[in-house]
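Inside the fold
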Amino acid sequence: MAKDGTKTKDAKTKARVPRAAYEAELLRLQTELVKLQEWVRAENARLVVVFEGRDAAGKGGTIKRVAEHLNPRVARIAALPKPTERQRTQWYFQRYVEHLPAAGEIVLFDRSWYNRAGVEHVMGFCTKQEYQLFLRQCPVFERMLIDDGILLRKYWFSVSDTEQQARFRKRLDDPLRRWKLSPMDLESLSRWEAYSRAKDEMMVHTDLPESPWNIVESDDKRRARLNMIAHLLDSVPYHDVPPQVLELPERPESTGYLRTPRELQNYVPDHAASL
């Protein structure tokens, strides 16, 4: 059992999903996600997917794979920055409500209102009273969303302490991912048990029959992505929506248009020719 109270032994002992198998299954699942998107649009459904978990648990990579082939006008990612001074004076859930989907839309929350139960609580960014109020109001808030017809799915990405530390170390050495690492992330290493207790307390209050938490073992990123997407698809009663029949029209005959001479326009230099 890992320090955060989740069982990771089985996930660790399983062989890593081979790349070829992973890519083939991911493509199949992404094709199904496109079908889900079209069902959401045709049925005027509203789908909210919450991605939570420790830093470097694999949330961001999974969200990218979910959204990769979806229409950004239908499926959008909500990754909110820290609240402004004005937002701090609002009802806590207010700024998240602004990002909820309208009919025919999907919203993927890259972290969500659960910030208050995690980083804000552990790092002292909210008062004890604000934290307790959140734990009381969150179940009511989510029941209101569900009662209004929103499909709510919540995923907690569980990573072991050793794997998290290894991923942090890789980020330090990778110029393409260095931006993902912040002093707050490094602080989480020394507060591992505090985050574990906060997660356990959050689950006690918000793991509801109508909006349960779904735990994703994420030491193996490939396995985590496939498992999460497959579970999401299985949890929504979508069906294939026949696409609109389209025909490519014939290109009309030229009416005498002449293209502007190339020397009169500024072209991007052919950098590729130097490779």
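Residue positions are counted from 1 within each chain, in the order its sequence is given. Side-chain atom pairs in this predicted model are given and counted only at pLDDT of 80 or more, local residue features only at pLDDT of at least 70, and totals for whole chains, interfaces and linings cover all residues. Only heavy atoms go into the side-chain values, all of them from the structure, while hydrogens and water stay out.

Here the focus is the UniProt feature "domain: Polyphosphate kinase-2-related" (unreviewed entry) in the protein chain. UniProt positions are given in the numbering used here, feature names are shortened, and annotations may be inferred rather than shown by experiment. Per the UniProt annotation, the sites labelled "domain: Polyphosphate kinase-2-related" (unreviewed entry) are residues 19-241. Segments assigned H or I by DSSP are reported as helices when at least four residues long, segments assigned E as strands when at least two residues long, and all are numbered from the N terminus. Segment residues 19-241 splits into 53% helix and 14% strand. End C-alpha atoms: 31 Å apart.

Attention now moves to the side chain of Ser 112. Relative to the elements of secondary structure, Ser 112 occurs in the loop between strand S3 (105-110) and helix H6 (119-123). Residue contacts are defined here by distance: any two heavy atoms, one from each residue, within 4.5 Å place the two residues in contact. Those residues in contact with Ser 112 that lie beyond four places of it in its chain are Val 50, Glu 52, Tyr 92 and Tyr 96.

Counting buried positions over the eight residues of strand S4 (residues 151-158) gives seven, a clear majority of the element. Following DSSP output, two strands are said to pair if at least two bridges run between them. Where strand S1 (residues 46-53) and S4 come together, seven bridges link them in parallel fashion. Looking at S4, one finds that Val 48 is bridged to Leu 152. Two strands pair when backbone bridges link them, and S4 and strand S5 (residues 213-217) are joined in this way by five bridges, in the parallel orientation. Across the sheet, the residue bridging to Ser 158 is Glu 217, located in S5. Note on exposure labels: buried denotes an accessible area under 20% of the residue type's maximum, exposed denotes more than 50%, and partly exposed covers the range between, all computed with a 1.4 Å probe on protein chains only.

This next bit is on the sheet that holds S4. Spatial strand order, S2-S3-S1-S4-S5: five strands in an open sheet with parallel pairing. The sheet terminates laterally at strand S2 (75-78) and S5, the two strands that pair on one side only. Strand after strand, the sheet turns through a mean of 20° between neighbouring axes, direction not considered. Axis definition: a line fit to C-alpha positions, over the contact stretch in the case of helices; interaxial angles, taken between N-to-C directions, run 0 to 180 degrees. Across the sheet, helix H11 (residues 221-235) is in contact with S1, S4 and S5; its angle to S4 comes to roughly 160°.

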